[in-house]
Amino acid sequence: MATPKKENKIRDYDRTRKRLLEVVGEILKDTGFTGLKTNHIAKRLGKDKNLIRYYFRSLYNLEKEFILEKDHWIAFFSKLELPHQPVEEDVFALLIKFIQEHFDFFSQHTEMQKIMLWQLSENSPLLKSIADLREKEAGNLLDAATPFVRSDVNFRAVLALLFGGLYFLTLQEAAGNATIWNIDIGMEKDRTAVFGAVEQIIRLARAAGTDGGKMTGQ
C-alpha cells in the first residue's frame, strides 16, 4: 500500500505531466507549431526546461503524445471492431459517419488545425509517423469497403480528394478567408450541403451504382 507521501508524489507527477501536454495545446492555439520550442514551453509552464526530458525524454515524445492523445482519427479506428463478414450498407454508413465526425471535430479544435498546417509546411518525421499510423488504422475499414466499390473506381483516389477538399475548406473557413464556389463550411446550410455531397459521391462509387436515395442536404 502506497504511503501518503508516495501518493502525493504520484499526483504531482501526473499533474505536471498533464500540464506539459496542456501547454503544448495552448502554444499551438496561440502561435502555431513554430512556438513549440523547449524554452517557450518551459517559460509558459514556469518550470525548468529539463522537466520535458524528465517526463517525456524529449520534445519529440512530448509532441507525439499530445497528438496521439488528441487525434480523432486514431481514436475512432482504434475502437472500431468490424464483423468477420461486414454488411455493405453498414460499411458505407460507418465510413460516412467517420468522415462527418472527423471534420466536425477538426473544425472545433484549433490545435489540430495548426498541426495540419505544420504537416503541410515542413517535412516532419513525427507527423509522417502519425500519418502512417492513421493510414494503418483506417486500413480495415477501407479493405471492408473495397469489395463493394465499382471496378472502374479508384476508391483511394476518391477518398484522397474528399479529405483534401474538406481539410482545405475547414482551414480556409478557420482563417476567415473567402468562400470557394460560394461555399462557407462554417455556415450550417453549407456544411450540410458539403456533407451531403460527400455522402453522394461515396454512394455513387458503390458497385450497385446507387445513390442511396435522397442525400443529406439535397
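Placed above this text is the structure.
Residues numbered from 1 in each chain as written. Predicted model: local features only at pLDDT ≥ 70, side-chain atom pairs only at ≥ 80, totals over all residues. Heavy atoms only, no water.

Caption draft 1: Region of interest: the side chain of Gln-113. Its location among the elements puts Gln-113 in helix α7 (residues 110-121). Ignoring sequence-local partners within four residues, the contact set of Gln-113 consists of Phe-106, Ser-107, Gln-108, Thr-170, Leu-171 and Ala-174. (Helix = DSSP H or I, 4+ residues; strand = E, 2+ residues; numbered from the N terminus. Contact = heavy atoms within 4.5 Å.)

Caption draft 2: Molecular detail of the packing of helix α6 (residues 88-108) against helix α10 (residues 188-204). Across the interface, α6 lies against α10 with an axial gap of 11 Å and an inter-helix angle of 150 degrees. One way to sum up the angle between α6 and α10 is to call them roughly antiparallel. For α6 against α10, the interelement crossing comes out right-handed. Across the interface between the two elements, Glu-89, Phe-92, Leu-95, Ile-96, Ile-99, Gln-100, Phe-103, Asp-104 and Ser-107 from α6 touch Arg-191, Phe-195, Val-198, Glu-199, Ile-202 and Arg-203 from α10. (Axes fitted to C-alpha atoms, helices over the stretch in contact; angles between N-to-C directions. Parallel < 35°, antiparallel > 145°, perpendicular 65-115°, else oblique. Left-handed = near helix turned anticlockwise from the far one by under 90°.)

Caption draft 3: Highlighting the pattern of salt bridges. One pass over the structure, following the stated rule, counts 16 salt bridges. A single salt-bridge network, built from bridges that share partners, covers Arg-19, Glu-22, Glu-26, Asp-30 and Arg-44. (Salt bridge = Lys/Arg side-chain N within 4 Å of Asp/Glu carboxyl O.)

Caption draft 4: How the structure looks around the packing of aromatic side chains. Taken as a whole and judged by the stated rule, the model has 17 aromatic pairs. Taking the centre distance of 4.9 Å and the plane angle of 45 degrees together, the rings of Phe-76 and Phe-98 count as tilted. Pair noted here: Phe-76 is in helix α5 (residues 72-78) and Phe-98 is in helix α6, with a separation of 22 residues, a long-range link. We classify Phe-98 as buried; its relative accessible area is 1%. Where Phe-103 meets Phe-106, the ring centres are 6.3 Å apart and the plane angle is 80 degrees; that geometry is what we call edge-to-face. Taken as a pair, Phe-103 and Phe-106 lie in helix α6 at a separation of 3 residues, close to a single helical turn. Judged by relative accessible area, which is 0%, Phe-103 ranks as buried. A network of ring pairs unites the aromatic residues Trp-73, Phe-76, Phe-77, Phe-98, Phe-103, Phe-106, Phe-163 and Tyr-167 as a single cluster. In this structure, Arg-206 packs its charged tip against the face of Phe-92, placed 5.1 Å from the ring centre. (Phe/Tyr/Trp six-rings, centres within 6.5 Å; stacked < 30°, edge-to-face > 60°. Buried < 20%, exposed > 50% of the residue type's maximum accessible area, 1.4 Å probe, protein only. Lys NZ or Arg CZ within 6 Å of the ring centre and 35° of its normal.)

Caption draft 5: Summary view of the layout of surface pockets. If you add up the space inside the largest pocket, you get close to 560 Å³. Taken together, 23 residues line the largest pocket, and the ones lying closest to its centre are Trp-73, Glu-135, Leu-159, Ala-160 and Phe-163. Contributions of two or more residues to the lining of the largest pocket are made by α5, α6, α7, α8 (125-145) and α9 (155-174). When its residues are assigned to classes, the lining of the largest pocket shows 17 nonpolar, 3 polar and 3 charged. Here the second largest pocket is characterised by a volume of approximately 160 Å³. Lining the second largest pocket, in full, are Phe-77, Leu-80, Glu-81, Leu-82, Pro-83, Pro-86, Lys-136, Glu-137, Asn-140 and Ala-144. Per element, the largest residue contribution to the lining of the second largest pocket is 4 residues, and it comes from α8. Its residues assigned to classes, the lining of the second largest pocket shows 6 nonpolar, 1 polar and 3 charged. (1 Å grid on protein atoms, 1.4 Å probe; cavity = no way out; pocket = protein on both sides within 12 Å on 5 of 7 lines; lining within 4 Å. Points joined across faces, edges and corners; volume = space filled by probe spheres on them. Nonpolar A, V, L, I, M, F, W, Y, C, P; charged D, E, K, R; others polar.)

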